[in-house]
Amino acid sequence: MTQDELKQAVARAALDYIKPKLYDNSVIGVGTGSTANYFIDYLAEIKADIFACVASSEASAQRLKSHGIPVYDLNSVDEVTFYIDGADESNPQLALIKGGGAALTREKIVAAVAREFICIADDSKWVKHLGNFPLPVEVIPMARSHVARELVKLGGDPIYREGVVTDNGNIILDIYNFIIPNPRQIEQDINNITGVVSNGLFALRPADVLLLGGKDGVKQIREG
């Protein structure tokens with residue numbers, strides 16, 4: 001299977017996973033990126049069975065609306081039943097690196113509210129230790145140089161992602177050459193740097209289940 005076919009398979013598996021668990025007034029949180037886009041397209045098949053969606057980016061909100069799926073502001077709902085999103089990396093504890101699409105802060109907010117966080121990814125994203133994929137950090141623009149110096153002290157090589165402005169009006173620093181043996185501690189350490197809005201480590205709030213697509217089909221993985 002091609003990588004696109006694997007993404008489609010895990011997106012379909014996510015739809016099959018949530019369908020039996022839906023109830024009246026279910027609100028679905030939807031992430032950002034190519035795998036999440038496939039899920040949005042499949043979600044249109046059952047739009048009559050869900051109350052609304054919450055999107056982690058303007059792009060995902062527009063894609064949902066194009067299918068006639070109502071999109072609510074997160075502040076307008078009591079809870080998010082499921083949050084479905086892709087990842088750039090996942091380890092066996094289901095800690096993730098996300099943010100390749102620069103939507104990490106809103107993704108992290110929706111994940112924090114969700115009762116169940118379902119990550120969907122192809123098996124190229126499965127790693128023993130996080131960090132081969134550059135770790136994105138969302139930064140207030142005036143703090144860019146200060147944050148970069150502090151990230152160097154942590155052992156990374158931060159590079160400004162030129163031409164990218166987040167939906168929150170901030171910039172992204174990507175940390176290269178930064179293997180992460182303790183994701184929970186590193187997530188806290190980076191968030192404690194003045195000027196950092198959020199970083200792409202999802203370790204303090206990892207995924208609850210990972211639907212991982214490979215040549216043998218889609219595996220359901222829980223922390224272990």
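Reading guide: rules and limits
- Residues numbered from 1 in each chain as written.
- Predicted model: local features only at pLDDT ≥ 70, side-chain atom pairs only at ≥ 80, totals over all residues.
- Heavy atoms only, no water.
- Helix = DSSP H or I, 4+ residues; strand = E, 2+ residues; numbered from the N terminus.
- Polar contact = N/O pair within 3.5 Å; in protein donor to acceptor, adjacent residues only side chain to side chain.
- Contact = heavy atoms within 4.5 Å.
- Pairing = 2+ DSSP bridges.
- Axes fitted to C-alpha atoms, helices over the stretch in contact; angles between N-to-C directions.
- Core = buried A, V, L, I, M, F, W, Y, C linked by side-chain atoms within 4.5 Å.
- Buried < 20%, exposed > 50% of the residue type's maximum accessible area, 1.4 Å probe, protein only.

**Q** Any chance you could break down the side chain of S26 for me, citing the residues and the numbers?
**A** Note that S26 resides in the loop between α1 (3-18) and β1 (27-30). A distance of 2.7 Å separates the side chain of S26 from the backbone oxygen of Y23, its partner in a polar contact. In this structure S26 touches I50, F51, A52 and T81, once residues within four positions along its chain are discounted.

**Q** Quick rundown of the sheet that holds strand β13 (residues 217-221)? Include the residues and the values.
**A** Strand order in the open sheet formed by 6 strands is β2-β1-β3-β6-β12-β13, and the pairing between neighbours is mixed. Whereas interior strands pair on both sides, the edge strands pair on one side only; in this sheet they are β2 (52-55) and β13. Mean inter-strand twist for the sheet, computed between neighbouring axes without regard to direction, equals 20°. Here 5 bridges tie strand β12 (residues 209-214) to β13, and the two strands are oriented antiparallel to one another. The residue of β13 that forms the bridge with L212 is K219. Contacts between α1 and the sheet are confined to β1, β3 (80-85), β6 (114-122), β12 and β13, with β6 contributing the most and set at about 155° to the helix. This element, helix α2 (residues 34-43), spans β1, β2, β3 and β6 of the sheet and lies at about 150° to β1.

**Q** Account for the nonpolar core, naming residues and giving values.
**A** Among the nonpolar cores identified, the biggest contains 28 residues, and I18, I28, F39, L43, I84 and I118 are the most heavily contacted of them. Looking at this core, the elements with two or more residues in it are α1, β1, α2, β2, α3 (58-66), β3, β6 and β12. Of the residues forming this core, the biggest block, 7 residues, is contributed by α1. Once residues lying within four places of it in the same chain are set aside, the contact partners of I18 are I28, F39, L43, F82, I84 and I118.

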